[in-house]
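Commentary on secondary and tertiary structure
Residues per chain, in single letters:
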Amino acid sequence: MRKFQIPPARRSIGAGGNSKFQIHGFTLIETMTAMGVFVVLIGVVAAIFLVGLRSQRNQIDLLLATDNASLTLEQMVREIRTGGNFCIPTGSICPPGITSGTDLRFQNANQENVFYRFNQADETIERSSDGGTTFVPLTSSNVVVTNLSFSRVDQLQAFDDTSPWPPRILIVLEIGSKKAGLQSVKTKLQATVSARNI
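Below is a short write-up of the structure. (Residues numbered from 1 in each chain as written. Predicted model: local features only at pLDDT ≥ 70, side-chain atom pairs only at ≥ 80, totals over all residues. Heavy atoms only, no water.)

This part is about the overall build of the protein chain. In terms of helices and strands, the protein chain carries one helix and 11 strands. Secondary structure elements in the protein chain, listed N-terminal to C-terminal, are β-β-α-β-β-β-β-β-β-β-β-β. Expressed as a percentage of the 198 residues in the protein chain, the buried residues total 28%. Put simply, 46% of the contacts in the protein chain that link residues at least 6 apart link residues at least 24 apart. (Helix = DSSP H or I, 4+ residues; strand = E, 2+ residues; numbered from the N terminus. Buried < 20%, exposed > 50% of the residue type's maximum accessible area, 1.4 Å probe, protein only. Contact = heavy atoms within 4.5 Å.)

Set out below in structure tokens:
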């Protein structure tokens, strides 16, 4: 049976004949190299994490802008669905035969004269329920509306309310976010509404 033996420590003979234990370890150059590699790796991982975090924030901002625009579009669709006497005005008058524009006037179910319009200066969608005297913005401050158009589509192309078919209103909306770096990202939303006479 062999006995396990611990090898004797290495000794070096120093100057003057004294024996000293030889110490094994990393040199200063090896330590500095390892620290440099570690710092570079931590920097790369931190940069990847920050890019992912910034991307997530941008996606959240776009999602919030799209949600607000969808809510605005849904509000308009509900009110148009129960409205009548639709008009796409040119200036302050409603000439017959105009089929598309950036404004829409109609009478809602509560017999109010409603006016939806695209305010290009503020880049918002506005609503008036007093015939166009006072307007209230419908979109929030983080949403940029770049385009809004209303189109009236009737099957018989009779643009008055004597047509046997209910009018259909096509709404096309293009929005973006006001956040820096996201102004070039645009989202288009579209809805077609068939008015019901209630």
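In this section: the side chain of T72. Along the chain, T72 falls in helix α1 (residues 28-81). Discounting residues that sit within four places of it in the chain, T72 has contacts with I125, L138 and T139.

Here we take up the nonpolar core. Within the largest apolar cluster, 27 residues are counted, with the highest numbers of intra-cluster contacts made by M76, I80, L104, F150, I171 and L173. Broken down by secondary-structure element, the contributors of at least two residues to this core are α1, β5 (103-107), β6 (113-119), β9 (143-153), β10 (168-177) and β11 (187-194). In terms of residue count, α1 provides more of this core than any other element does, six residues in total. Residues contacting I80, with those up to four places away along its chain left out, are F86, L104, F106, I169, I171, V193 and A195. (Core = buried A, V, L, I, M, F, W, Y, C linked by side-chain atoms within 4.5 Å.)

Let us now look at the pattern of salt bridges. Considering all chains together, one arrives at six salt bridges under this definition. Note that E112 is salt-bridged to R127, the shortest N-O span being 3.9 Å. Placement of E112 in the loop between β5 and β6 and of R127 in strand β7 (residues 124-128) is noted, with a sequence separation of 15 residues between them. With a shortest N-O distance of 3.9 Å, K188 and E174 are connected by a salt bridge. One end of the pair, K188, is in strand β11; the other, E174, is in strand β10, with 14 residues separating them in the sequence. Linked by salt bridges that have partners in common, E79, E112 and R127 make up one network. (Salt bridge = Lys/Arg side-chain N within 4 Å of Asp/Glu carboxyl O.)

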